[in-house]
Amino acid sequence: MPELAGLRVLIVEDEMMVSMLIEDMLGDLGCHVVGPAARLDEALALAENAEIDCAVLDVNLGGQSTFPVADLLRAKGVPFAFATGYGDAGLREVDRDSAVLQKPFREVDLAKVLQGLAKRI
């Protein structure tokens, strides 16, 4: 999609197959993949130091919440979406207005969320 071409998207996902699928989808959409980060420390380092436009965060990384990454991105003004199989039920009150990709999702769903995030850059 032309409007997403060149968008730098941080992927935070601990399941390798899901991560690879998201990378493929982002490539198809013309986006640049940052990461992916499979651990919280990796995700925090990339969120702090990498050049990113937006992010897709799995809510749970091997039992650790990605909320510290969400807080860092929010403080930096970087838009993000949560990817979760639990909908917004697993989110904190502060995150209730965040975009949510319901797992499993399709490329068209990812594109729609990214288009919304891109408008906030």
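The text that follows walks through the structure, step by step, so that each part is easy to find.

In this section: the pairing of strand β6 (residues 80–84). Counting buried residues in β6 gives five out of five residues, a clear majority hidden from the surface. Because side chains alternate across β6, one face comprises the buried residues Phe80, Phe82 and Thr84, and the other comprises Ala81 and Ala83, equally buried. Here strand β3 (residues 54–58) runs beside β6; their pairing, made up of four bridges, is parallel. When the bridges of β6 are listed, leucine 57 appears paired with phenylalanine 82. The pairing of β6 with strand β7 (residues 99–102) spans four bridges and is parallel. Bridging across to β7, phenylalanine 82 finds its partner in valine 100.

Before going further, it helps to spend a moment on helix α2 (residues 40–49). Among all positions of α2, only Leu40, Ala43 and Ala47 are buried. Seen along its axis, α2 keeps its buried residues to an arc of 60°; they face one direction. Those residues of α2 that are buried lie in contact with β1 (8–12), β2 (32–37), β4 (60–61), β5 (64–65) and α3 (67–76).

This brings us to the sheet that holds β2. Sheets are built from strands that pair by backbone hydrogen bonding, the pairs being arranged parallel or antiparallel. Reading across the sheet, the five strands line up as β2-β1-β3-β6-β7 and stay open at both edges, with parallel pairing between neighbours. Sheet topology places β2 and β7 at the edges, where each strand pairs with a single neighbour. Each strand of the sheet is rotated relative to its neighbour by a mean of 20°, with strand direction disregarded. Here β1 pairs with β3 via four bridges, running parallel. Paired with isoleucine 11 across the strands is valine 56, a residue of β3. Each of β1 and β2 is contacted by α2, which is oriented at about 145° to β2, the strand it contacts most.

By the definition in use, this model includes two aromatic pairs. With centroids separated by 6.0 Å and ring planes inclined at 85°, the aromatic side chains of phenylalanine 67 and phenylalanine 82 adopt a geometry described as edge-to-face. Placement of the pair is phenylalanine 67 in helix α3 and phenylalanine 82 in strand β6, with a sequence separation of 15 residues. One exposure class covers both phenylalanine 67 and phenylalanine 82, and it is buried. Here the aromatic rings of phenylalanine 80 and phenylalanine 82 are separated by 5.3 Å at their centres, their planes lie at 80°, and the arrangement is edge-to-face. One exposure class covers both phenylalanine 80 and phenylalanine 82, and it is buried.

A word on the nonpolar core. In this structure, Leu10, Val12, Leu57, Val69, Leu73, Phe80 and Phe82 are the most contacted members of the largest nonpolar core, which totals 21 residues. Looking at this core, the elements that each hand over two or more residues are β1, β2, α2, β3, α3 and β6. Sort the elements by how many residues they give to this core and α3 lands first, with five residues. Not counting the four nearest positions on each side in its chain, leucine 57 is found in contact with Val12, Thr66, Val69, Ala70, Leu73, Phe80, Ala81, Phe82 and Ala83. With 20 residues, the next largest nonpolar core counts Ile22, Cys54, Phe105 and Leu114 among its residues.

Conventions used here
- Residue indices follow the written sequence of each chain, beginning from 1 at its first position.
- Per-residue local features are limited, in this predicted model, to residues with pLDDT of at least 70; the limit for side-chain atom pairs, both in listing and counting, is 80 or more; totals at the level of whole chains, interfaces and linings are taken over all residues.
- The side-chain figures draw on all heavy atoms in the structure; neither hydrogens nor water molecules are used.
- Accessibility here uses a 1.4 Å probe with only protein chains present; expressed as a share of the type maximum, an area under 20% marks a residue as buried, one over 50% as exposed, and anything in between as partly exposed.
- The secondary structure listing takes helices from DSSP runs of H or I that are at least 4 residues long and strands from runs of E that are at least 2 residues long, numbered from the N terminus.
- The pairing criterion for strands is at least two bridges between them, as found by DSSP.
- It is the directions from the helix axis to the C-beta atoms that the arc portrays.
- Should any heavy atoms of two residues lie within 4.5 Å, those residues are counted as being in contact.
- In this analysis, axes come from line fits to C-alpha atoms, helices being fitted only over the stretch in contact, and the angle between any two N-to-C directions falls in the range 0 to 180 degrees.
- Under the pairing criterion, centres of Phe, Tyr and Trp rings, with the six-membered ring standing for Trp, must be within 6.5 Å; the plane angle then separates stacked pairs below 30 degrees from edge-to-face pairs above 60, leaving the rest tilted.
- Only buried Ala, Val, Leu, Ile, Met, Phe, Trp, Tyr and Cys residues count toward a nonpolar core, and they belong to the same one when joined by side-chain atoms within 4.5 Å.

These results come straight from atomic positions and should not be treated as a statement about function.
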